[in-house]
Amino acid sequence: MLNKELLNALNEQMNHEYYAAHAYMAMAAYCDNQSYEGFANFYIQQAKEERFHGKKIYDYINDRGEHAEFSAISAPKSEFSSILETFEDGLAQEQDVTRRFYNLSDIANKDKDYATISFLNWFLDEQVEEESMFETHIDYLNRIGDDHNTLYLYEKELAARSFDEE
């Protein structure tokens, strides 16, 4: 059985993962509206990954004999000035998620809940990859600048991205 503080934090994180999926879909909508279908695909795949993360936490809560509780999801930002801004916002979102998992880990460590500590380690490793990926895309987009031909090629590369659960 999970302690109440940890259960509440896990439920909050599960809901935040679904919010992150919502936010990535808003970024995809912006990209589609700007005729950047490759970038839109990137964010659609990212949203799938966030929903997978939410479901992983949902399963863990239920596996521990507790009740996963859903809360309302607020509307995410939907207006952006550029593709670069979507990636900068994505990085900020991933950095926030990392901080949240650190907080969850602190609670689990304080409670000596070793099963949850083990469970959370997967997410901590995942967050290193997520932040690095967004930083790389930001670097590339800054390097590309106003070169529309290179941006076109880069977008086509991102159009091939797909998410496969594990």
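Predicted, not measured: the structure shown is a model, and the values here were computed from it. (Residues numbered from 1 in each chain as written. Predicted model: local features only at pLDDT ≥ 70, side-chain atom pairs only at ≥ 80, totals over all residues. Heavy atoms only, no water.)

Q: If you had to explain the side chain of H53 to someone new, which residues and values would you point to?
A: Checked against the element boundaries, H53 lands in helix α2 (residues 37–63). Setting aside residues up to four positions removed in sequence, H53 forms contacts with E17, W122, F123 and E126. (Helix = DSSP H or I, 4+ residues; strand = E, 2+ residues; numbered from the N terminus. Contact = heavy atoms within 4.5 Å.)

Q: Lay out the nonpolar core with the relevant residues and their values.
A: Of all hydrophobic cores here, the largest spans 23 residues; its most connected members are F39, Y43, F87 and F134. In terms of residue count, helix α1 (residues 4–33) provides more of this core than any other element does, six residues in total. Grouped together as the second largest cluster of nonpolar side chains are 21 residues, Y18, I57, L104 and L120 included. (Core = buried A, V, L, I, M, F, W, Y, C linked by side-chain atoms within 4.5 Å. Buried < 20%, exposed > 50% of the residue type's maximum accessible area, 1.4 Å probe, protein only.)

Q: So, the packing of α1 against helix α3 (residues 83–111): which residues are in play, and what are the values?
A: Two quantities define a packed helix pair, namely the angle between the axes and the distance from one axis to the other. Two elements in contact, α1 and α3, have axes whose closest approach is 11 Å; the angle formed by their N-to-C orientations is 170°. Comparing the axis directions of α1 and α3 gives the class roughly antiparallel. Here the contact of α1 with α3 is composed, by residue class, of 16 nonpolar, five polar and nine charged. (Axes fitted to C-alpha atoms, helices over the stretch in contact; angles between N-to-C directions. Parallel < 35°, antiparallel > 145°, perpendicular 65-115°, else oblique. Nonpolar A, V, L, I, M, F, W, Y, C, P; charged D, E, K, R; others polar.)

Q: Describe the environment of L120, with residues and values.
A: Within the element layout of this structure, L120 appears in helix α4 (residues 114–144). Taking the C-alpha atoms as reference, L120 lies 6.7 Å from S105; in sequence the two are 15 residues apart. Among all residues touching L120, those that are not within four sequence positions of it are L10, F101, L104, S105 and A108.

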